[in-house]
Amino acid sequence: MKLACQEGMAPSGALQEKLDYLAEYGYEGIEFWGAQFIDTDSSGMRKERVAEVRRFTENHPVKPSTICAGYRGALLDANRHEREIAIHDIETLLYAAGEIGAVGVIVVPIFGSPRIPDLNPYATALELETELLCRLLEPLSKVAEKAGSYILLEPLNRYETHYMNRLEQAVNICHRVGNPNLKLMADFFHMNIEERDIPAAIRGAKEYLAHVHLADSNRLLPGYGHTDFRSGFAALREIGYTGYMALECGIPGDPREELPKCAQYLRAQMG
Ligand code: LER
Ligand code: MN
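Just so you know, the residues in each chain are numbered from 1, in the order the chain's sequence is written. Here every chain gets a letter starting at A, and every ligand a number starting at 1, in the order they are written. Note on the predicted model: pLDDT of at least 70 is required for a residue's local features to be given, and 80 or more for side-chain atom pairs to be given and counted; whole-chain, interface and lining totals, by contrast, use all residues. No hydrogens and no water enter the side-chain calculation; it runs on all heavy atoms of the structure.

Enquirer: I tried to follow the packing of helix α2 (residues 47–58) against helix α3 (residues 80–100) on my own but got confused; where do I start?
Expert: Packed helices, taken two at a time, are described by their axes: the angle between them and the distance between them. To get an axis, a line is fitted to the C-alpha atoms, and for a helix only the part in contact is used. The angle between two axes follows their N-to-C directions and goes from 0 to 180 degrees. Strands are runs of DSSP state E lasting at least 2 residues, helices are runs of H or I lasting at least 4, and numbering of each runs from the N terminus. Packing of α2 against α3 brings their axes to within 9 Å, and their N-to-C directions diverge by 25°. By the angle class used here, α2 and α3 are roughly parallel. Considering the relative orientation of α2 and α3, their crossing is right-handed. Contact residues: Val50, Val53 and Arg54 in α2; Ala96, Glu99 and Ile100 in α3. Nonpolar residues are Ala, Val, Leu, Ile, Met, Phe, Trp, Tyr, Cys and Pro. Charged residues are Asp, Glu, Lys and Arg, and all others, Gly as well, are polar. Residue classes in the contact of α2 with α3 are distributed as four nonpolar, no polar and two charged. Here roughly perpendicular refers to angles of 65 to 115 degrees, roughly parallel to angles under 35, roughly antiparallel to angles over 145, and oblique to all remaining angles. By definition, turning the near helix anticlockwise from the far helix through less than a right angle yields a left-handed crossing, and turning it clockwise yields a right-handed one. Contacts are assigned to residue pairs with any non-hydrogen atoms lying within 4.5 Å of each other.

Enquirer: Mind showing me how you'd approach the coordination of the manganese ion (ligand 2) here?
Expert: Note on metal geometry: ideal angles are 109.5 degrees for four donors arranged tetrahedrally and 90 or 180 degrees for six donors arranged octahedrally. For the manganese ion (ligand 2), every protein donor is listed as Glu154 (OE), Asp187 (OD), His213 (ND1) and Glu248 (OE), and the spread of their distances is 2.1 to 2.2 Å. Coordination at the manganese ion (ligand 2) is octahedral, judged from the six donor atoms that bind it and the angles of 71 to 176° they form at the metal. For Na, K and Ca the donor cut-off is 3.2 Å; for every other metal, N, O and S atoms count as donors within 2.8 Å. Water does not enter the count, which can leave sites looking incomplete. Irregular is the label for any site that misses the other tests, which are tetrahedral for four donors with all angles between 85 and 135 degrees, and square planar for four donors or octahedral for six when opposite donors exceed 155 degrees and the remaining angles lie between 65 and 115.

Enquirer: How do you make sense of the packing of helix α1 (residues 15–25) against helix α9 (residues 255–270) when you look at a structure like this?
Expert: The interhelical angle for the contact between α1 and α9, taken along N-to-C directions, is 45°, at an axis separation of 9 Å. The angle between α1 and α9 falls in the class oblique. Only Pro255, Arg256, Leu259, Pro260 and Ala263 of α9 make contact with α1, whose side of the interface consists of Tyr21, Leu22 and Tyr25.

So this is what it looks like as structure tokens:
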């Protein structure tokens, strides 16, 4: 398993320096926020940013791990324009991920409350959302296939979304769509709130798990809360997971001291 860190958590402003710091601290991957690859004027790809990331990471030990969301609109919006802009931006990001060599693009189907009407007794909002999501993910995962990257569905805790809070729900969507370029990811912060048993949830997602986010129970760096990373990492090892685990959390202090300390802590939990 490889440790990664979100770009915004690394010290200093320039990409080259961030990469150098991360390598020195013991990280092997960097996760980028998606918005930087989207030209909001033309709605196309920001090719110069993609080229820059490629240039800086090509011969660097720290590689792009993933692109985290950052697209406009929402897949599960009742407004067609909002869905279409989300699809368009996610497609752009899937191609960007392919070009920079990242595993894929983290996709959250909807933040917050339902935006699809409840049409009970014909269908509940949740049933409609699942139908719609599968319909949208079928062509999107074909784009992922063409782009050489993966869609990574991310379950979030109940305070951030009403839809898809546990890994099992994302597994069901992946299973139903049945495209090998549709996968899911596991975020320890959300799992700590929603899963009954984190190692069991990870084991249940074996077939589709393609990325991990790391944060402790209080969404600070691992080691500052009460999440048991050791048992979660053992389950990841058991299912043969060898991908990235990217930090996505607050740093309670100077990143120059905290990030290397955290890498050491995480490796000890893997041990
Ligand atoms: C949001 O809480 C989250 O975990 C992100 O990875 C998704 O944007
Ligand atoms: Mn996350």
